[in-house]
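So you can see what is in the structure, the chains are spelled out below.
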Amino acid sequence: MRQETLEIVTTRANPLIDPALHVWGWEIPLYLFLGGVVAGLMVVLAGLSLKSTDRPKSKAVQLAPFLSLVLLSVGMGALFLDLSNKLNVYRFYLAFNPTSPMSWGSWILVLVYPVVLVTGLSSLSDELRANLMARGFMQKPSVAKLMRQAFSFADGARRPALWATLGLGIGLGAYTGLLLGTLTARLAWNAAILGPLFLTSGVSTGAALLLLFKLDEAEEKTIVRWDLVAIVVELALLGLMLIDFGVGGAAGELAGASILGGSWTPWFWSVVVIGGLLVPLGLNLIEVNKHVRATLFSPALILLGGLTLRFVLVAIGQESSFSMIQ
Amino acid sequence: MSGTPRYTMVVDTKKCVGCKACVLACKAENAIPDGYCRSWIVEEIRGEFPLLSAELRSERCNHCTDAPCVAACPTGASHYSDGGTVIVTRDKCTGCKACIASCPYDARFVHPEGFVEKCTFCLHRVRRGEQPACVEICPTQSLHFGDVNDRESEVAQLLAARASKVLHEEAGTNPNLYFLV
């Protein structure tokens, strides 16, 4: 059969648009990763704390809410760097567009700070509180009084704050995926599955980050188990995403081309799927079944895989546009 | 005349010669910086050699009725204006680029000053009762602009009389840039 010729010549050569869209560089995948990690930390921390009425046992879990705020701030800094009209950043908070995941995200981010701060303050042990109050700047009576009031408020609001942390964590994790998933002009993003995928990856990477620190044995066992579940679910969601590409006709074929033979194939399969999910899955199974303590190797791989997943998905989405369908 | 106005542009691909006068008129009228454009020419060649056919299209923002850029904009900078045109308010634009990523036509770009730019159907001229700059300049009169909801308008009559198509209908955005084929 002879091949039909199709040649398209355009005079358009707009920067960041042509020959293929590349409006988002490293800042967005880094933010999506850190946002996911923070979402995961919030879900795991709330999950651990809601299981009992006691404060968390290990220092790492007590301090993790504050770490999550630092990571979120770094992520938001990356987001800010990506804005091309930075002086208008305040405009995010003069509007709410219910059809824009970015608008939802802006408001979720604002709510995360006070809620996680209350969760963090209420999680601190008496020992850590005493250490904090002994610091130089805490000696001022007005500051000391304010801190005591803050601890008192946080202790009283702990249960509602934990539930809010859980809800906002789920919202934050899902929105980072839906942000891409609702941009239907990009074939590889054109899927609502990115919401649960990024949320699950966030839970997995958030749990992995906690496992890098010294934890109480019971906490560690629980987190390793949850991480195991998150990895299995994430693998299933990635499988569904690939099936979506497979059954999506010409558009699906183009959407998946970059990770099914194209330039991002080695990164996706070796770093995300094998290194970031399958190897940690095997290691976690050994840890759970053979009752051995977790090593740093598995969580480090999960974090690397989660970061790479964001970079790969942001890249393949931008590479796959409607103009490829003729 | 019936209903609310719906501004529409009709490009006659049988008349277009790809002279790029529309591109240059747009750049001059709207002070578009060097290296950027709001409208452009596409030449599409199809067929089986030697039986080839060429189509020339003057393309720009499709001012979609269901514009994904408006849906994606977190600040309301991208919004609908007169006759359903899709407009960007520069003072509200943060340059987040969600609108650019959401556009199936890749019709938007980041202006060097930071805000997102695109075709406005020359709304400033239309409000004065003039035609968009590209329509005004076209030497072969292949570009037509008007209210498609007005049955007496040139665009409504052309679309009623001639075969036409829109680009990427599958994107489901209900574009208002038609091509007579």
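Residues numbered from 1 in each chain as written. Chains lettered and ligands numbered in written order. Predicted model: local features only at pLDDT ≥ 70, side-chain atom pairs only at ≥ 80, totals over all residues. Heavy atoms only, no water.

### Description of the overall build of chain A
Where we set the bar: By definition, any uninterrupted DSSP run of H or I lasting at least four residues is a helix, any uninterrupted run of E lasting at least two residues is a strand, and each is numbered from the N terminus. Our radius of gyration looks at C-alpha atoms and nothing else; its globule reference is 2.2 Å times the residue count to the power 0.38. Buried residues are those whose accessible area, probed at 1.4 Å on protein chains only, stays under 20% of the maximum for their type, while exposed residues exceed 50% and partly exposed ones sit between those limits. Residue burial considers only the protein chains on display, and all accessible areas are found by Shrake-Rupley using a 1.4 Å probe.
What chain A contains, in helices and strands, is eleven helices and one strand. Overall, chain A shows an N-to-C arrangement of helices and strands of β-α-α-α-α-α-α-α-α-α-α-α. Here the C-alpha radius of gyration of chain A, 22 Å, is about what a compact globule of 326 residues would show, namely 20 Å. The principal-axis extents of the C-alpha atoms in chain A amount to approximately 85 × 55 × 30 Å. Looking at the 326 residues of chain A, the share that counts as buried comes to 53%. For chain A, the accessible surface area stands at approximately 14600 Å², while carbon and sulfur atoms represent 70% of it.

### Here we look at the pairing of strand β2 (residues 40–48) of chain B
Just so we agree on the cut-off: At least two DSSP bridges between two strands are needed for those strands to be called paired.
Alignment of strand β1 (residues 5–10) of chain A against β2 of chain B, held across six bridges, turns out to be antiparallel. When the bridges of β2 of chain B are listed, threonine 5 of chain A appears paired with glycine 47 of chain B. Taken together, the nine bridges between β2 of chain B and strand β3 (residues 51–59) of chain B define a ladder with antiparallel strand orientation. Considered in β3 of chain B, the bridge of glycine 47 of chain B is made with leucine 52 of chain B.

### Quick look at the interface of chain A and chain B
The line we're drawing: Any two residues whose heavy atoms approach within 4.5 Å at even a single point are treated as in contact. When two parts are brought into contact, each loses some accessible area as probed by a 1.4 Å sphere; the total of that loss over both is the buried area. Put simply, a salt bridge is a Lys or Arg side-chain nitrogen that is within 4 Å of an Asp or Glu carboxyl oxygen. Definition of a polar contact: a pair of N or O atoms within 3.5 Å, with one able to donate and the other able to accept a hydrogen when the atoms are protein atoms, and with sequence-neighbouring residues admitted only if both atoms are side-chain atoms.
Counting from both sides, the interface comprises 43 residues of chain A and, opposite them, 47 residues of chain B. Summing the contributions of chain A and of chain B, the shared interface buries around 3800 Å²; its carbon and sulfur component is 53%. At the junction of chain A and chain B, the tally comes to two salt bridges. Note that aspartate 82 of chain A is salt-bridged to lysine 97 of chain B, the shortest N-O span being 3.5 Å. At the surface where chain A touches chain B, the tally comes to 26 residue pairs in polar contact (both at pLDDT 80 or more).

### As for helix α3 (residues 101–123) of chain A
Note that an α-helix has 3.6 residues per turn; residues three or four places apart therefore point the same way. Note the following rule: Here a helix's expected span is defined as the number of its residues, less one, multiplied by 1.5 Å. Two axes enter the definition of the bend at a residue: one is fitted to the seven residues ending there, the other to the seven starting there, and the bend is the angle between them.
Helix length check: α3 of chain A (23 residues) gives 31 Å between terminal C-alpha atoms against 33 Å at 1.5 Å per residue, within 8%. At valine 112 of chain A, α3 of chain A shows its maximal bend, which comes to roughly 30°, and the proline proline 114 of chain A appears one to four places after that position.

### Thoughts on the sheet that holds strand β1 (residues 7–12) of chain B
Working definition: the strands of a sheet are paired by backbone hydrogen bonds and lie parallel or antiparallel to each other. Residue and element names in this part refer to chain B. Going by this rule: Orientation is described by lines fitted to C-alpha atoms, with helices fitted over the stretch in contact, and by angles between N-to-C directions that extend from 0 to 180 degrees.
With mixed pairing, four strands are arranged side by side in an open sheet as β8-β1-β10-β9. Each edge of the open sheet carries a strand with a single partner, namely β8 (143–147) and β9 (164–165). Pairing between β1 and strand β10 (residues 177–180): four bridges, direction parallel. By the bridge assignment, aspartate 12 is partnered in β10 with leucine 180. Of the strands in this sheet, β1, β8, β9 and β10 touch helix α6 (residues 154–161), which is tilted by about 110° from β8.

### Regarding the pattern of salt bridges
A side chain with one charge can pair with a side chain of the opposite charge if their charged atoms come near. Scanning the entire structure with this criterion turns up 19 salt bridges over all chains. In this structure, arginine 55 of chain A engages aspartate 155 of chain A in a salt bridge whose closest nitrogen and oxygen atoms are separated by 4.0 Å. Taken together, the residues span a long stretch of sequence, with arginine 55 of chain A in the loop between α1 (27–50) and α2 (59–82) and aspartate 155 of chain A in helix α5 (residues 141–156) at a distance of 100 residues. Classification of arginine 55 of chain A as partly exposed rests on a relative accessible area of 30%. Residue aspartate 155 of chain A is classed as partly exposed on the basis of its relative accessible area, which comes to 33%. Where glutamate 44 of chain B meets arginine 57 of chain B, a salt bridge forms, and the shortest distance between an N and an O atom there is 3.0 Å. With glutamate 44 of chain B in strand β2 and arginine 57 of chain B in strand β3, this pair connects stretches of sequence that are 13 residues apart. Within the structure, one salt-bridge network assembled from shared partners comprises Glu44, Arg46, Glu55, Arg57, Glu59 and Lys165 of chain B.

### With respect to unusual backbone geometry
Cis geometry is found at the peptide bond from aspartate 18 of chain A to proline 19 of chain A, where omega equals 0°. Cis geometry is adopted by the peptide bond preceding proline 50 of chain B, which originates at phenylalanine 49 of chain B and carries an omega value of 5°. Mapping proline 50 of chain B onto the fold places it in the loop between β2 and β3. Positive phi is not limited to glycine here, since lysine 20 of chain B has a value of about 70°.

### Considerations on the sheet that holds β3 of chain B
Taken in spatial order, the three strands line up as β1(A)-β2(B)-β3(B) in an open sheet, and their pairing is antiparallel. At either margin of the open sheet sits one strand with a lone partner, and together these are β1 of chain A together with β3 of chain B. If you compare each strand with its neighbour and ignore which way they point, the axes differ by 15° on average.

### Considerations on a nonpolar patch on the surface
All names here are of chain A. The criterion, for reference: Put simply, a patch holds well-exposed residues, over 30% relative accessible area, that have no salt bridge, with like charges counted together within 9 Å and Val, Leu, Ile, Met, Phe, Trp or Tyr side chains within 5 Å.
Side chains of Leu67, Val70, Val74, Leu212, Phe213 and Leu296 sit close together on the surface and give an oily, nonpolar patch of about 490 Å² of accessible area. Following the sequence through the fold, phenylalanine 213 ends up in the loop between α7 (194–211) and α8 (217–247). Phenylalanine 213 sits in the partly exposed class, given a relative accessible area of 41%.

### Examining α8 of chain A
Residues and elements named next belong to chain A. With 31 residues, α8 ought to run about 45 Å at 1.5 Å a step, and its terminal C-alpha atoms sit 45 Å apart, in line with that. The N-cap residue of α8 is aspartate 216: its side-chain oxygen and the backbone nitrogen of alanine 218 are 3.1 Å apart. Among the residues trailing α8, glycine 249 stands out with phi positive, at a value near 60°.

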